Amino acid sequence: MSVPSLAGLLSVDEALEAVRALDEAGEAWEDAEFRRLLPEGFEGADYVRVGDAYPGGIAVPFDEGKIGPDDVEQGTFPDCFLCASMAALAKRPSAVAALFLNKQPGPSGALAVQFYHSDSGGWRAVVVDDRIPLGGKGKPLFARATRTAQAWPLLVEKAYAKLYGSFASVRGGSLGEALRDLTGCPVLSQAPKDKEPCPSVAVAGTSADKAQAGATGLTANHAFSLVAGHQTPKGLVLQFRDPQAGRKGGSDWKGAFAFGSRVWQDAAVKKAIPGVDPKADAANGRFYCPAADVSKSFESFRAVPALPQAAFGHRWARRLAFGPGTDGGNTASAGFKRNAVVKVSSAAAAVFATLTHADQRGRREGGGAISYPLAGFTLLRAPKACLSSAGDCTPGTLTIGSGAEVVGVPLFQNARDVCAKVPGPPPPRPSSATSAKGAPPAALWDSSYLLVPSTSAPAVHFEYELSLVSTGAFDATLYSTEDLDQQWASSAVDHAWDRSNKGVDGFSASAQWRIDAPAGAADPIDCVVTLRQGGLASSGVKGQHQIAVLVYRGCAGVAAGTPSSHRIGTPVFSNAVEVSQRVTLRPKDFPCTVIPVTSKPGDCGAFSLTVFSPSAAPVAVARTNPAHAPAAPPGQAAATATRTTVVRRTTRGATTAGKPHGKLAPPASFPDARNQCTGVAGLYGGLE
């Protein structure tokens, strides 16, 4: 049997075939590639077969029944991100065993180890021999397992370096990448809170600022694995482990629940956290941190919501791109509404969305810089009035501000994989398009979420994969800018409010635009009217006003005496950069009038007004002047003046910039595309 090339990535079947061929040869196999993978200065290391690496020898790479976090010790190489992730995975022995396609080496010593490969969108394998390089005092040069004599950490680390082409490529790395590569599962960046269940597999990383990390006694720029979580009378307490495992000069936790603190004298705490042995725990690098202190003790936290990957039995994925006309930007950017939109509906389970860049680690020369643009997600919820009559949410016509609401804080990270959680069915909420007197029926809200992948800054172009997974059934519909261009026509104008602006109370004196039906229109027409502060080219303005759009049917202009019955909906004022309103106009509603207004008189500034209508039946938009009041409907006095009920909403934190590892900065503008991680800052090595 011929042996396929073993230099690159293999499919699972190819890897197993290669191992069988090597074993049939009946001789010990030496991977000629491996010496080339070693970092500079290590090429002359001595080797032993992994079975001879420890006194007494070991017959197999692992004993699944005895796998645990204490198996993993970081060696002399700075890859704590990987070692901590392996230790965290060891809480689930079956997940470790699943990495090995053959559970023990045959006569050749060849082992096939599989990882999730993001560029391939699936599992790929590498074949390695069972020879381990030795360092000083005859100890393994890289990862070790001196306490348990389990060989799997040494072999997984070796295979991981081959996966990415060299040890130099895994010198310092991202916590999220390692967990994703080891599990194939989505990786979230939110730490658990009190009363929340502890994630089964998670890691945390400290700041590179030695003073900041030193305040807690932890090593700076270092990764730690989550071992366990305990609900105590003092809240959720998390047990972490340092993969350097008590090394001299290493971490010495000084925070709450430090060994020797009075909290350990509390009988209720001892009962909630059984088996604590300060001396043994310290020797194994274990310490306890309250969940409430995680955000101030660690710079980043990454967790896998469920294992194994097969638990996420429902999947949806697409290859997409940010490019000309689809070049993203956050909600403060003019291009935001040209991003793709995914409408997600789930009957019960949460859906996890991951935006994945093309991997750069395997292309990293000599351990050089890794640079991913700042990208992520905005999650929206919309009243049905914001969608078309068919429930569509075509980009560009998506109504934000006075319509769709941003859920939580938009997530932007400069990481290869950015993951966001789309909750299960949204709870009933009042519609923003109603008066302040009370909430409308929940039926006015669409039962779906709108997921918008985007870059933080506009005009950043790259291809990416968008994948959605869930443990339960869900529906996902992609609306792209191609849908916008093919289905919608738009008419846009730039204008400005000046000191003569009388605000909403004097709206009838404001600039007005008339909308006329297309010739021969006999059916209702969906239109979206969008008002943007700062004008069409603006990427967001400071000191935003409370703005809204007033739409009146059946009149070619609005005067002070125009009856309120002609107005469509209730104006909702927002300080968002952009607000919009979707209206369905019947033939008898034309002509109608659109008035951009501010909530207060004297507000000044440029704005743009855009009217979207179906490309098959485009409406006509033209500037008009305030008109005399049209005739009132039967039964209403023509002299009745319009009274405007105002609902005001303040948008906070909706344009938040991301930092590495998911930390959030104050609201900001994004002037260019250079907001990205340009080095190994935030890549955890632990010895640098």
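1. Some details on the overall build of the protein chain
What the protein chain contains, in helices and strands, is 11 helices and 31 strands. Counting across all 688 residues of the protein chain, residues that qualify as buried make up 56%. Put simply, 80% of the contacts in the protein chain that link residues at least 6 apart link residues at least 24 apart. Looking at the protein chain as shown, the accessible area adds up to about 27300 Å², and 52% of this sits on carbon and sulfur atoms.

2. Points about the sheet that holds strand β5 (residues 201-205)
The 5 strands are arranged β8-β7-β6-β5-β9 in an open sheet whose pairing can be described as antiparallel. What marks the edges here is a single partner per strand, and that holds for β8 (286-290) and β9 (300-304). The average angle at which neighbouring strand axes cross in this sheet is 35 degrees, direction not considered. Here strand β6 (residues 223-232) runs beside strand β7 (residues 235-241); their pairing, made up of 7 bridges, is antiparallel. Bridge assignment links Thr232 to a residue of β7, and that residue is Gly235.

3. Remarks on the packing of helix α3 (residues 80-89) against helix α5 (residues 152-163)
Contact geometry for α3 and α5: axes closest at 11 Å, N-to-C directions at 135 degrees. Put simply, α3 runs oblique to α5. By crossing handedness, the relation of α3 to α5 is classed as right-handed. In contact with Phe81, Leu82, Cys83 and Met86 of α3, α5 contributes Trp152, Pro153, Val156, Glu157 and Tyr160. A per-class count over the contact of α3 with α5 returns 8 nonpolar, no polar and 1 charged.

4. Some thoughts on the packing of α3 against helix α6 (residues 175-183)
A pair of packed helices can be characterised by two numbers: the angle between their axes and the separation between those axes. Interaxial distance between α3 and α6 falls to 9 Å at its minimum, and their mutual angle equals 45 degrees. Classified by the angle their axes make, α3 and α6 are oblique. In the packing of α3 onto α6, the handedness of the crossing is right-handed. Residue-level contacts link Phe81, Leu82, Ser85, Met86 and Leu89 of α3 to Leu175, Ala178, Leu179, Leu182 and Thr183 of α6. Considering only residue class, the contact of α3 with α6 consists of 8 nonpolar, 2 polar and no charged.

5. What about the sheet that holds strand β16 (residues 417-422)?
If you trace the 4 strands from one edge of the open sheet to the other, you get β10-β18-β12-β16, paired in antiparallel fashion. In this open sheet, the two edge strands, each paired with only one partner strand, are β10 (314-322) and β16. Adjacent strand axes in the sheet meet at a mean angle of 20 degrees when their direction is disregarded. Pairing of strand β12 (residues 351-357) with strand β18 (residues 462-470), which is carried by 7 bridges, proceeds in the antiparallel orientation. Considered in β18, the bridge of Phe352 is made with Val469.

6. Structural notes on the pattern of salt bridges
Overall, the coordinates contain 16 salt bridges when judged by the stated rule. For Arg241, the salt bridge identified is with Asp70, shortest N-O distance 3.1 Å. Remark: Asp70 occurs in the loop between β1 (46-49) and α3 and Arg241 occurs in strand β7; sequence separation between them is 171 residues. An identical accessibility class is assigned to Arg241 and Asp70; each is buried. Asp129 is the partner of Arg131 in a salt bridge, and the nearest nitrogen-oxygen pair spans 3.8 Å. A single burial state applies to Arg131 and to Asp129, both of which are buried. Connected through salt bridges with shared partners, the residues Glu30, Asp129, Arg131 and Lys158 form a single ionic network.

7. Regarding the environment of Ala489
With respect to the helices, strands and loops of the structure, Ala489 is situated in strand β20 (residues 488-497). Taking the C-alpha atoms as reference points, Ala489 and Ala617, 128 residues apart in sequence, are found 8.5 Å from one another. Aside from chain neighbours lying at most four places away, what touches Ala489 is Val611, Phe612, Ser613, Pro614, Ser615 and Pro618.

8. As for the environment of Thr76
By the secondary structure assignment, Thr76 is in the loop between β1 and α3. Residue classification places Thr76 among the partly exposed positions, given a relative accessible area of 44%. Along the backbone, Thr76 and Gly135 are 59 residues apart, and their C-alpha atoms lie at a distance of 8.6 Å. Of note is the side chain of Thr76, whose polar atom sits 2.9 Å from the backbone oxygen of Leu141.

9. Structural notes on the packing of aromatic side chains
Tallying each qualifying case throughout the model produces 26 aromatic pairs. Residues Phe322 and Tyr464 carry aromatic rings whose centres are separated by 4.6 Å and whose planes lie at 20 degrees to one another, so their mutual orientation is stacked. Here Phe322 is found in strand β10, whereas its partner Tyr464 is found in strand β18, with 142 residues between them in sequence. For Phe322, a relative accessible area of 3% gives the class buried. Tyr464 gets classed as buried once you look at its relative accessible area, which sits at 1%. Taken together, the ring pairs connect Phe34, Tyr47, Phe77, Phe142 and Phe167 into an aromatic cluster. Cation over ring: Arg131 sits above Tyr47, and NZ or CZ is 4.4 Å from the ring centre. The ring centre of Phe34 lies 4.3 Å from the NZ or CZ of Lys158, which sits over that ring.

Reading the values: rules and limits
- Residues numbered from 1 in each chain as written.
- Predicted model: local features only at pLDDT ≥ 70, side-chain atom pairs only at ≥ 80, totals over all residues.
- Heavy atoms only, no water.
- Helix = DSSP H or I, 4+ residues; strand = E, 2+ residues; numbered from the N terminus.
- Buried < 20%, exposed > 50% of the residue type's maximum accessible area, 1.4 Å probe, protein only.
- Contact = heavy atoms within 4.5 Å.
- Areas by Shrake-Rupley, 256 points an atom, 1.4 Å probe, with all protein chains shown as cover.
- Pairing = 2+ DSSP bridges.
- Axes fitted to C-alpha atoms, helices over the stretch in contact; angles between N-to-C directions.
- Parallel < 35°, antiparallel > 145°, perpendicular 65-115°, else oblique.
- Left-handed = near helix turned anticlockwise from the far one by under 90°.
- Nonpolar A, V, L, I, M, F, W, Y, C, P; charged D, E, K, R; others polar.
- Salt bridge = Lys/Arg side-chain N within 4 Å of Asp/Glu carboxyl O.
- Polar contact = N/O pair within 3.5 Å; in protein donor to acceptor, adjacent residues only side chain to side chain.
- Phe/Tyr/Trp six-rings, centres within 6.5 Å; stacked < 30°, edge-to-face > 60°.
- Lys NZ or Arg CZ within 6 Å of the ring centre and 35° of its normal.

Such coordinate-based values are descriptive only and should not be taken to indicate function.
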